[in-house]
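Spelled out, the chains give:
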Amino acid sequence: MKKLILPVACLFSLGLGAFITKVVENPPLTVEVINQAEKILGLDFTDAEADSMLNDLRDNQKDFEAMRKVPLDNSVSPALYFNPLPLGFEFEKNFFPFKASQISAVKLPANREDLAFYSVRELGELLKTKQITSTELTKFFLERLKKYDSQLHCVVKITEDLALKQATQADFEIKAGKYRGFLHGIPYGAKDLLAVKGYKTTWGSVPYKNQMIDNDATVIQRLEQAGAVLCAKLTLGELAMGDVWFGGKTLNPWDLKRGSSGSSAGSASSVSAGLLPFAIGSETLGSIVSPSTECGTTGLRPTFGRVPRTGAMALSWSMDKLGPICRTVEDCAIVLNTIQGVDNQDFTCMKAPFNYDGTQGIKGMKIAYVKSDFERKSPNKTTDSLTLVTLKKLGAELIPIELPTLPSNEISFLLGVEAAAAFDDLTRSGKDDLMVRQSKNAWPNAFRSARFVPAVEYLQANRHRTLLIQELDKTLKGFDVYITPSFSKNLTMTNLTGHPCVVLPNGFRSEGRPLSITFMGKLFGEAKLLQVAKAYQDATDFHKKHPKL
């Protein structure tokens, strides 16, 4: 057991509890210790006031010790649930059937290698019309995973036995005329923070690399019920940060000298390289947007509370979202339609309609754009401006807006505090030293420093978050969708407010790497959001260009 160098007793005045990590004995609490803690808190108590606190702090210390004797699994969520809905919010009242766009006849390509970059929709047509079997398709993608993972390092485990079993079942059902829908027989991969029975769930991290969770995540269950075929558990940056995991660094298929970004690193890299038609990723603060941008994929971050997280690693109970990474916007819609909906194990999930209609255009629609973000100097300015031009040509009316100026980056420490709680035992046991990344901006240090955030300030930040939700709702009155460059204060703000987004390629850098644009929707407004993003994507061809390995 390691000794802590800092005077740990000073932290008993902090609301989140004693920071007795890696120390057995309780240090004495004195007025001098409280005086030191005040410097962190930004407060100033008299000696008499500090002396009066000592009994309470000693009692707190005993309570903390008693709590820590009861193990808390990562799957146990707090009794407080984040609700992203502003005052007066109402869901759509009607639930309509999912309506995909029309698709022309799809033929099996003369060169089977071209299948690598077919969309889910196209592959589904080949399976439905029996031009190819799920077993053939699954073996094709399994071979690509085996062939190219040595270059990309995007796979934690190929689930070959399970995949072939599921593909055989899909073939039997399709042949018997029992077609389940667009995902029936389609191979896919899942970020390895999702539990799959019979396989390790590593969370990309050394301390958990042999972890077995004896059940399937709800999202995995729903995809299996839809007939999808799980081919691989894919890499994530260790504990959902970045693209470095215990097996190395996941790379970008467009440039093997670069990482794929994270934390849905393997999901984006594998889809971009044509190793899988789609994958499940997750986002807490950019983990779908960033790798989708880097790898040129189309990613959907759903509304907080749209997709159940049961069986997924918890990093931030109030910010984690699961979503698909695909080739096209409509593929994202198809996958979302399968995995969304209430779950009796995730109490943040809400019953909300998803009335997607892929046959509708955007002519006459009012679409907002964040004026100051499009005007600022950035490497993406030209391509972002051309996105607006394309939308105008499609008949949309573009209206400038500005986002609220309330604190957003300033309250993003909420993530660090929740993550530190989710991995409290990792910090206190000293096993955080086993993690690959140990820099100042890596999780081990972030978990430690988050212990210094007082509970009062954590709650105050959530109160500011309430104001932010209300102000953003006022800003978006009259708009179903707004557009913004992918990397601005909007990314942090809307991950805090729980709003959905679609990120998709809108051009390329001079050296050939993809660029992206972000379409934002209202809370639980994914149907309109995807409709607009699809119209733009259908009018361009950036998503049809692929890296050459």
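Reading guide: rules and limits
Residues numbered from 1 in each chain as written. Predicted model: local features only at pLDDT ≥ 70, side-chain atom pairs only at ≥ 80, totals over all residues. Heavy atoms only, no water. Helix = DSSP H or I, 4+ residues; strand = E, 2+ residues; numbered from the N terminus. Rg over C-alpha atoms; globule rule 2.2 N^0.38 Å. Buried < 20%, exposed > 50% of the residue type's maximum accessible area, 1.4 Å probe, protein only. Contact = heavy atoms within 4.5 Å. Areas by Shrake-Rupley, 256 points an atom, 1.4 Å probe, with all protein chains shown as cover. Lys, Arg positive; Asp, Glu negative; His and termini not counted. Charge placed at Lys NZ, Arg CZ, Asp CG, Glu CD. Pairing = 2+ DSSP bridges. Axes fitted to C-alpha atoms, helices over the stretch in contact; angles between N-to-C directions. Core = buried A, V, L, I, M, F, W, Y, C linked by side-chain atoms within 4.5 Å. Disulfide = S-S within 2.5 Å. Salt bridge = Lys/Arg side-chain N within 4 Å of Asp/Glu carboxyl O. Phe/Tyr/Trp six-rings, centres within 6.5 Å; stacked < 30°, edge-to-face > 60°. pLDDT = per-residue confidence, 0-100. Polar contact = N/O pair within 3.5 Å; in protein donor to acceptor, adjacent residues only side chain to side chain.

**Structural notes on the overall build of the protein**
Helix and strand counts for the protein stand at 17 helices and 15 strands. For a compact globule of 549 residues, the expected C-alpha radius of gyration is about 24 Å, and the protein comes in at 24 Å, within 12% of that figure. If one aligns the C-alpha atoms of the protein with their principal axes, the spans along those axes are about 80 × 50 × 45 Å. Put simply, the protein has 549 residues, and 58% of those count as buried. Look at the contacts in the protein between residues 6 or more apart in sequence, and 75% of them connect residues 24 or more apart. Of the roughly 23400 Å² that the protein leaves accessible, carbon and sulfur atoms contribute 53%. Taken as two groups, the 66 positive and 59 negative side-chain charges of the protein have centres that lie 6 Å from each other.

**Points about the sheet that holds strand β2 (residues 187-191)**
Spatial strand order, β1-β3-β2-β8-β10-β9-β14-β15-β13-β11-β12: eleven strands in an open sheet with mixed pairing. Of all the strands in the sheet, the pair left with one neighbour each is β1 (155-158) and β12 (397-401). With strand direction ignored, the average angle separating the axes of adjacent strands in the sheet is 30°. Here two bridges tie β2 to strand β8 (residues 279-283), and the two strands are oriented parallel to one another. Paired with G189 across the two strands is A279, which belongs to β8.

**What to know about the nonpolar core**
Residues L239, F278, F423, F519 and L530 are the most contacted members of the largest nonpolar core, which totals 96 residues. If we ignore the near neighbours within four places in the chain, the residues touching F278 are V120, L183, I186, P187, Y188, G189, L223, V271, I325, C326 and V335. Counting 17 residues, the second largest nonpolar core, distinct from the first, contains Y148, C154, C231 and V271.

**What to know about unusual backbone geometry**
For the peptide bond that leads from G262 to S263, omega is 10°, which places it in the cis range. Positionally, S263 belongs in the loop between β7 (255-259) and α7 (265-272). Look at L239: it is not a glycine, yet its phi comes out positive at around 50°. Here L239 is to be found in the loop between β3 (229-234) and β4 (244-245). When its relative accessible area of 0% is taken as the criterion, L239 is described as buried. Even without being a glycine, S261 presents a positive backbone phi close to 70°. Assignment of secondary structure puts S261 in the loop between β7 and α7.

**What to know about the state of the cysteines**
On inspection of all chains with the given rule, the structure shows zero disulfides. Free cysteine: C154, not disulfide-bonded; nearest cysteine sulfur from C295 at 9.5 Å. Its sulfur unpaired, C326 is 3.7 Å from the next cysteine sulfur, which belongs to C332.

**Some points on the side chain of S119**
The residue S119 is located in the loop between α2 (47-68) and α3 (120-128) in this model. Assessed through its relative accessible area of 8%, S119 is described here as buried. In this structure S119 touches R327, T328 and D331, once residues within four positions along its chain are discounted.

**What to know about the environment of R376**
By secondary structure assignment, the location of R376 is in the loop between α10 (371-375) and α11 (381-393). When sequence neighbours within four positions are dropped, the list of residues in contact with R376 reads K381, P485, F487 and S488.

**Things to note about the pattern of salt bridges**
Tallied over the entire structure, the rule returns 23 salt bridges. The closest approach of N and O atoms between K477 and D473, which form a salt bridge, is 3.4 Å. The exposure class of K477 is exposed, given its relative accessible area of 54%. Each of the salt bridges in this network shares a partner with another, and the network as a whole consists of R258, E294, E511 and R513.

**Topic: the pairing of β3**
Of all six residues that make up β3, six are buried, and the element is covered over most of its length. The sheet contact formed by β1 and β3 spans three bridges and is antiparallel. Following the sheet pairing, K157 is matched in β3 by K233. Of the strand pairs in this sheet, β2 and β3 are connected by five bridges, and their pairing is parallel.

**Let's talk about the environment of A48**
Structurally, A48 can be placed in helix α2. Owing to a relative accessible area of 55%, A48 belongs among the exposed residues under this scheme. For the pair formed by A48 and V31, sequence separation is 17 residues and the distance between their alpha carbons is 8.6 Å.

**Examining the packing of aromatic side chains**
Applying the stated criterion across every chain yields a total of 20 aromatic pairs. Measuring from ring centre to ring centre gives 5.3 Å for F89 and F91, while their planes differ by 85°; the resulting arrangement is edge-to-face. Using a relative accessible area of 26% as the deciding quantity, one classes F89 as partly exposed. An aromatic cluster of three or more residues is present, and its members are W203, Y208, F423, W443 and F447.

**Some details on α7**
Counting buried residues in α7 gives eight out of eight residues, a clear majority hidden from the surface. Residues of α7 that are buried include every one of A265, G266, S267, A268, S269, S270, V271 and S272, and no others. The first or second residue beyond α7 is G274, which carries a positive phi of 75°.

**Describing the confidence of the model for the protein**
Mean pLDDT over the protein works out to 94, with 95% of the residues at or above the 70 mark. Low confidence marks residues 1-21, where pLDDT is under 50. Its contacts with residues over four positions away, or in another chain, come to 61 contacts.

**Regarding the side chain of E526**
Along the chain, the position of E526 falls in helix α17 (residues 526-538). Judged by relative accessible area, which is 0%, E526 ranks as buried. In this structure the side chain of E526 is engaged in a polar contact, spanning 2.8 Å, whose partner is the backbone nitrogen of T303. Sequence-distant contacts of E526, that is, excluding residues within four places in its chain, are made with P302, T303, R306, L336, F354 and P500.

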